[in-house]
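The residues making up each chain are set out below.
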Amino acid sequence: MEYKKFTQHKSPTTLIGIEFPSMNGKYYALPMKSERTKALKYIGLMPENVFSIGRAGSYRYIDIDDCIAQAMEVAEKLK
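Here we summarise the structure given alongside this text. Please read these numbers as outputs of a predicted model, since none were measured by experiment.

### Some points on the overall build of the protein
Then comes step 1: When its secondary structure is counted, the protein shows 4 helices and 0 strands.
Then comes step 2: Ordered by position in the sequence, the α and β elements of the protein form the string α-α-α-α.
Then comes step 3: Counting only residues that meet the buried cut, the protein has 15% of its 79 residues in that class.
Then comes step 4: A separation of at least 24 residues holds for 37% of the contacts in the protein among residues at least 6 apart in sequence.
Then comes step 5: A total accessible area of about 6600 Å² is found for the protein, and carbon and sulfur atoms account for 60% of it.

Take a look at the structure:
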């Protein structure tokens, strides 16, 4: 995948990433209600200006473009 396609970033260079799926499916947040509830509890306890993003950080199985969008939102907040 080419990240410029997700972000609409204009650049003469590129960054290409490749995802390799696991054979057991245990590398992403699993949609188990009890675990999601536990994750949201911990996320709710984080102090202000501590960010938990991405698949593991938000405990949601989201696409890479959503992960990038989260990172860009945090970067904007940190300016």
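### Some points on the packing of aromatic side chains
Then comes step 1: What the rule picks out here adds up to 0 aromatic pairs.
Then comes step 2: One cation-aromatic arrangement involves Arg-55 over Tyr-61; the distance from NZ or CZ to the ring centre is 4.9 Å.

### With respect to a nonpolar patch on the surface
Then comes step 1: Taken together, the side chains of Phe-51, Ile-53 and Leu-78 present a nonpolar region at the surface, about 260 Å² in accessible area.
Then comes step 2: Residue placement: Phe-51 occurs in the loop between α2 (33–45) and α3 (54–58).
Then comes step 3: Look at Phe-51 and you get partly exposed, because its relative accessible area is 32%.

Reading guide: rules and limits
- Residues numbered from 1 in each chain as written.
- Predicted model: local features only at pLDDT ≥ 70, side-chain atom pairs only at ≥ 80, totals over all residues.
- Heavy atoms only, no water.
- Helix = DSSP H or I, 4+ residues; strand = E, 2+ residues; numbered from the N terminus.
- Buried < 20%, exposed > 50% of the residue type's maximum accessible area, 1.4 Å probe, protein only.
- Contact = heavy atoms within 4.5 Å.
- Areas by Shrake-Rupley, 256 points an atom, 1.4 Å probe, with all protein chains shown as cover.
- Phe/Tyr/Trp six-rings, centres within 6.5 Å; stacked < 30°, edge-to-face > 60°.
- Lys NZ or Arg CZ within 6 Å of the ring centre and 35° of its normal.
- Patch = residues over 30% accessible without salt bridge, like charges linked within 9 Å, V, L, I, M, F, W, Y side chains within 5 Å.
- Salt bridge = Lys/Arg side-chain N within 4 Å of Asp/Glu carboxyl O.

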